[in-house]
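Summary of the model geometry
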Amino acid sequence: AGSPFISQTGVRSFASGMFGTFAEDGKISPHGGKLVNTMVTDEKEKAALISSCKSTMELSDRNACDVELVCVGGFSPIDGFMSEGDYTSVVDNMRLENGLLFGIPVVLDTDDEAVAPGDKVLLTYKGQNLAVLTVDSKYSPNKPKEALGSYGTSSIEHPGVAMISMERGKYYLSGKVQGLEIPTRPFPCKTPEEVRAGLPSNTDVVAFQCRNPVHRAHYELFTRALFADNVGKGAVCLVHPTCGPTQDDDISGEVRYLTYVVLKEETNNPSIQWEYLPYSMHMAGPREAIQHMIIRKNYGCTHFIIGRDMAGSKSSVTSEDFYGAYDAQDLAKANAEELGMCTVPSLNVVFTQEEGYVTADYAKEKGFDVLKLSGTKFRKMLRGGDDIPEWFAFKSVVKVLRDAQK
């Protein structure tokens, strides 16, 4: 792979020919050019904000993730919940009203008839005062249109559609959010500013998004991505799993976090950095790929690994896929240059008796014997206490998963 460089204009040229704007510290500029931070640090100011609130709203797990990411800049350039104009523009065009790309609307729902524009609302979560929302507007969303635009379907069989139609309230509130506290979680979630501070300057940073424990094939995938043609020499990979709510049948965020901790210790790879994202998955396929790229750009990443059927979901009735295997890759590639990031398609790696992990094409060309283990079979073996082959899963990860079942 060719080495990237920093020009005097602050525009970095990648081996792939794409361009991204860089700040003086040698890190990629956040989406929109400025990293948002609405956290209030002065205790007197915090007290004054709390006392000015007219009402209190207890946040759901999902909304608490959104509040945190708004306040710390994960959703830069937005500094609050979207107005009806931005909401409609993102649903219709995948862009904010100012023209910037944005994958999925960031909204705060309520059924409260009393809350009104001009009010200050204290946002609480499990005994913590997380933030104060200054309400600019209150509007009734077009949920079927939102579902079709964001998820590509209005079928309630899609988990994201079910969420907005069955979990969210009848109104959305817009306005700036001022942070008071970061949610107390069993897993640490560094802010974009903190993650950026730990990344090397003038170096490609390849992001790997996941919502499940990392097994051998995943590890092969993101370590090999560092040697992709459009990744510069000396690059690092930021493994940045989402640890917020996902699908109902997914492993809990706390258990997933523990699997990452033991794997980090076991592999001890200096080219891999591990951080954790308080993001709630929508399973929105292509649109969510764009959302993840924007978030990871805000956290300092220059490249993003796009897997097959990324953030995909199946019908809760027929089990049919809502998205094509490469829909997310195609949309990401089409918008990568405008986002100032590079995409790295994930390799289809398989385990062979002859040479271990290789690409599927190479295995087919050589006529190798490919070993397979389905996720369903793996979970059955896990529950039954059967030996899990080490070519499939790391021993340390299997132990955490088994301990969590006790």
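Residues numbered from 1 in each chain as written. Predicted model: local features only at pLDDT ≥ 70, side-chain atom pairs only at ≥ 80, totals over all residues. Heavy atoms only, no water.

Examining the overall build of the chain
Within the chain, the secondary structure is distributed over 13 helices and 18 strands. Whereas a compact globule of 406 residues would reach a radius of gyration of roughly 22 Å, the chain reaches 22 Å, a difference of no more than 12%. The C-alpha extent of the chain, read off along each of the three principal axes, is 70 × 55 × 40 Å. Buried residues in the chain amount to 55% of all 406 residues. For the chain, the share of sequence-separated contacts (at least 6 apart) that also reach a separation of at least 24 residues comes to 71%. The averaged location of the 53 negative side-chain charges in the chain is 3 Å from the averaged location of its 42 positive side-chain charges. (Helix = DSSP H or I, 4+ residues; strand = E, 2+ residues; numbered from the N terminus. Rg over C-alpha atoms; globule rule 2.2 N^0.38 Å. Buried < 20%, exposed > 50% of the residue type's maximum accessible area, 1.4 Å probe, protein only. Contact = heavy atoms within 4.5 Å. Lys, Arg positive; Asp, Glu negative; His and termini not counted. Charge placed at Lys NZ, Arg CZ, Asp CG, Glu CD.)

Looking at the pairing of strand β7 (residues 120–125)
Burial of β7 is extensive: 5 of the 6 residues sit out of reach of the surface. Two strands pair when backbone bridges link them, and strand β4 (residues 55–58) and β7 are joined in this way by 4 bridges, in the parallel orientation. The partner of Glu-58 across the bridge, within β7, is Thr-124. In this structure, β7 lies alongside strand β8 (residues 128–134), joined through 6 bridges in antiparallel fashion. Bridge assignment links Thr-124 to a residue of β8, and that residue is Asn-129. The antiparallel hairpin formed by β7 and β8 contains 2 residues in its connecting segment, where Lys-126 sits at a positive phi of about 50 degrees. (Pairing = 2+ DSSP bridges.)

Side note on helix α12 (residues 375–384)
Every buried residue belonging to α12 is among Phe-378, Met-381 and Leu-382, and all of these are buried. Considered in projection along α12, the buried side chains sweep an arc of 105 degrees and stay on one side of the axis. In this structure, α12 carries Thr-376, Lys-380, Arg-383 and Gly-384 as exposed residues pointing more than 90 degrees from its buried face. Gly-385 lies just past α12 and shows a positive phi near 75 degrees. (Arc of directions from axis to C-beta.)

Focus on the side chain of His-215
With respect to the helices and strands, His-215 occurs in the loop between β11 (205–208) and α7 (216–224). Among the residues examined, His-215 registers a relative accessible area of 10% and is labelled buried. Apart from residues no more than four positions distant in its own chain, His-215 is found in contact with Phe-378, Phe-392, Ala-393, Phe-394, Val-397 and Leu-401.

Looking at unusual backbone geometry
Here the residue pair Ser-76 and Pro-77 is connected by a cis peptide bond, since its omega of 15 degrees sits within 30 degrees of zero. In this structure, Pro-77 sits in the loop between α2 (61–72) and β5 (80–81). One non-glycine residue, Met-283, lies in positive phi territory at about 60 degrees. Structurally, Met-283 is set in the loop between β13 (272–274) and α9 (286–298). Residues other than glycine seldom take positive phi values, yet Ala-311 does so here, at roughly 55 degrees. In this structure, Ala-311 sits in the loop between β14 (303–306) and α10 (327–339).

As for the confidence of the model for the chain
Segments scoring low in pLDDT should not have their predicted coordinates read at a detailed level. Mean pLDDT over the chain stands at 91; residues scoring 70 or higher make up 94%. Residue range residues 1–18 is modelled with pLDDT below 50. Its contacts to residues more than four positions away, or to other chains, number 51 contacts. (pLDDT = per-residue confidence, 0-100.)

Structural notes on the sheet that holds strand β18 (residues 370–371)
The 3 strands lie next to each other as β17-β16-β18, forming an open sheet whose pairing is antiparallel. Here the strands that pair on one side only, and so sit at the sheet edges, are β17 (356–359) and β18. Where strand β16 (residues 349–352) lies against β17, 4 bridges are found, and the strand directions are antiparallel. By the bridge assignment, Val-349 is partnered in β17 with Thr-359. Against the sheet, α7 contacts β16 and β17, and its axis sits at roughly 55 degrees relative to β17. (Axes fitted to C-alpha atoms, helices over the stretch in contact; angles between N-to-C directions.)

Some words on the packing of α9 against α10
A pair of packed helices is characterised by two quantities: the angle between their axes and the separation of those axes. Closest axis-to-axis distance for the α9/α10 pair is 8 Å, and the angle between their directions is 40 degrees. Taken together, the axes of α9 and α10 are oblique relative to one another. Pair α9 / α10 crosses with right-handed handedness. Judged by residue contacts, Pro-286, Arg-287, Ala-289, Ile-290, Met-293, Ile-294 and Lys-297 of α9 engage Asp-327, Ala-328, Leu-331, Ala-332, Asn-335, Ala-336 and Leu-339 from α10. (Parallel < 35°, antiparallel > 145°, perpendicular 65-115°, else oblique. Left-handed = near helix turned anticlockwise from the far one by under 90°.)

Comments concerning the packing of helix α4 (residues 143–151) against helix α5 (residues 159–167)
Put simply, α4 and α5 touch, their axes get as near as 10 Å, and they point 155 degrees apart. Relative to α5, α4 is oriented roughly antiparallel. For the crossing formed where α4 meets α5, the hand is right-handed. Here Lys-143, Glu-146, Ala-147 and Tyr-151 of α4 lie close against α5, whose contacting residues are Gly-160, Val-161, Met-163, Ile-164 and Ser-165. Taken together, the residues that form the contact of α4 with α5 break down as 5 nonpolar, 2 polar and 2 charged. (Nonpolar A, V, L, I, M, F, W, Y, C, P; charged D, E, K, R; others polar.)

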